[in-house]
Amino acid sequence: MIVDNTKWEEVYKVHSFLTDRYCRLSVPAVSQLFQETAEAHTNAYDMGYHSMIKSNKAWVLLRVYYEVIEYPTIYQTISMRTWSRGVKGVTALRDFEIIDCDGKLLVRGTSTWCVIDMESRYPQRCDKIMENFPTNADTATDKVLGKLFPADGYQTMHSFSVPFMAIDKAQHVNNAMYMRWIMNSLNESDAKRNIKCVDISYIHETKMSDTIDIQHIQADDNTHCFRLNNSDGTAMLCNIVLE
């Protein structure tokens, strides 16, 4: 639903299938709910998947950063709120927040998206597409999304072929699936710790025929740096900071 004419809000229940073994809203689920809410917002303005695909275009996520202030937990009712902050170059800026029933802020983040041509897979300018889309200058976080640089000294943890169910309607690996692979790569003691923030850069698309190499380096006691490679090079960089 529309909030303040510029923001969009969806209400969700934290069902068990959205949680990890510790009854917290899982990291992949945060990505899924953010994607779902952003798509509902664009659908309301005839800019969602079904409208865009008519001109052979689609939205793809490039960068996302979010901070966990307090974990949503199993069976809790939460609201995901998102809004466009306008266009910068070929990218569209979008922020989001998760709040509880009392309005308490639980998660906050920011992201950049672009439009791609589904045939060439090249980015397209989105300023004309976005010219009638409502914007709001509010910032959910102070984080400015620049380039995310790789760490030094990555070591390969494991490799595997991309499974069929990892591919989404844009015909590439869904952003939330990368996060599932990363969380499965953390050791058990770190996986049970609360996450403070996540910083992600999606660089190259990954498709059905690809092999994924997951590489990792622990920068310090609280920071894990991941690089996921495919046949085109680096598919994704992700830094996770634990509490």
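Report on the accompanying structure. (Residues numbered from 1 in each chain as written. Predicted model: local features only at pLDDT ≥ 70, side-chain atom pairs only at ≥ 80, totals over all residues. Heavy atoms only, no water.)

1. Quick notes on the overall build of the chain
Thought 1: A tally of regular secondary structure across the chain gives four helices and 12 strands.
Thought 2: In terms of overall dimensions, the chain is globule-like: its C-alpha atoms have a radius of gyration of 17 Å, near the 18 Å expected for 243 residues.
Thought 3: For the chain, the C-alpha atoms occupy an extent of roughly 45 × 45 × 30 Å along the three principal directions.
Thought 4: Split into buried and exposed, the 243 residues of the chain put 51% on the buried side.
Thought 5: Put simply, 71% of the contacts in the chain that link residues at least 6 apart link residues at least 24 apart.
Thought 6: Accessible area for the chain stands at about 11,900 Å²; split by element, carbon and sulfur atoms hold 49% of it.
Thought 7: Counting 25 positive and 31 negative side-chain charges, the chain places the averaged centre of each group 1 Å from the other. (Helix = DSSP H or I, 4+ residues; strand = E, 2+ residues; numbered from the N terminus. Rg over C-alpha atoms; globule rule 2.2 N^0.38 Å. Buried < 20%, exposed > 50% of the residue type's maximum accessible area, 1.4 Å probe, protein only. Contact = heavy atoms within 4.5 Å. Areas by Shrake-Rupley, 256 points an atom, 1.4 Å probe, with all protein chains shown as cover. Lys, Arg positive; Asp, Glu negative; His and termini not counted. Charge placed at Lys NZ, Arg CZ, Asp CG, Glu CD.)

2. Remarks on the pattern of salt bridges
Thought 1: All told, the structure shown has 13 salt bridges when counted by the stated rule.
Thought 2: In this structure, glutamate 39 and lysine 169 form a salt bridge, with 3.2 Å as the shortest nitrogen-oxygen distance. Taken as a pair, glutamate 39 in helix H1 (residues 27-44) and lysine 169 in the loop between strand S8 (155-161) and helix H3 (175-183) lie far apart in primary sequence, 130 residues in all.
Thought 3: Since its relative accessible area comes to 22%, glutamate 39 is described here as partly exposed.
Thought 4: Taking the relative accessible area as the measure of exposure, lysine 169 reaches 37% and is therefore partly exposed.
Thought 5: Linked by salt bridges that have partners in common, Arg63, Lys143 and Asp199 make up one network. (Salt bridge = Lys/Arg side-chain N within 4 Å of Asp/Glu carboxyl O.)

3. Some details on the packing of aromatic side chains
Thought 1: Taken as a whole and judged by the stated rule, the model has seven aromatic pairs.
Thought 2: Between tyrosine 178 and tryptophan 181, the ring centres sit 5.8 Å apart and the planes meet at 80°, which makes this aromatic pair edge-to-face. One end of the pair, tyrosine 178, and the other, tryptophan 181, are both in helix H3, three residues apart, so they sit about a helical turn from each other.
Thought 3: With relative accessibility at 3%, the residue tyrosine 178 sits in the buried group.
Thought 4: Three or more aromatic residues link up through ring pairs in this structure, and these residues are Phe34, Tyr66, Phe96 and Trp113.
Thought 5: We note lysine 7 situated over the ring of tryptophan 83; from NZ or CZ to the ring centre the distance is 4.1 Å.
Thought 6: The cationic tip of arginine 24 hangs over the ring face of tyrosine 71; the distance from NZ or CZ to the ring centre is 4.9 Å. (Phe/Tyr/Trp six-rings, centres within 6.5 Å; stacked < 30°, edge-to-face > 60°. Lys NZ or Arg CZ within 6 Å of the ring centre and 35° of its normal.)

4. Let's talk about the pairing of strand S11 (residues 223-230)
Thought 1: The element S11 is extensively covered by neighbouring structure, given that seven of its eight residues are classed as buried.
Thought 2: Connecting strand S10 (residues 211-218) to the next strand, S11, in antiparallel fashion are four residues.
Thought 3: Pairing of S11 with strand S12 (residues 233-242), which is carried by eight bridges, proceeds in the antiparallel orientation. Residue pairing across strands places threonine 223 opposite valine 241, the latter belonging to S12. (Pairing = 2+ DSSP bridges.)

5. Describing the packing of H1 against H3
Thought 1: Look at H1 against H3: their axes get within 8 Å of each other, and the N-to-C directions meet at 170°. Considering their axes alone, H1 and H3 lie roughly antiparallel with respect to each other. On the side of H1, the interface is formed by Val27, Pro28, Ser31, Gln32 and Gln35, while H3 contributes Asn175, Ala176, Met179, Arg180 and Met183.
Thought 2: Classifying every residue of the contact of H1 with H3 by side-chain character gives five nonpolar, four polar and one charged. (Axes fitted to C-alpha atoms, helices over the stretch in contact; angles between N-to-C directions. Parallel < 35°, antiparallel > 145°, perpendicular 65-115°, else oblique. Nonpolar A, V, L, I, M, F, W, Y, C, P; charged D, E, K, R; others polar.)

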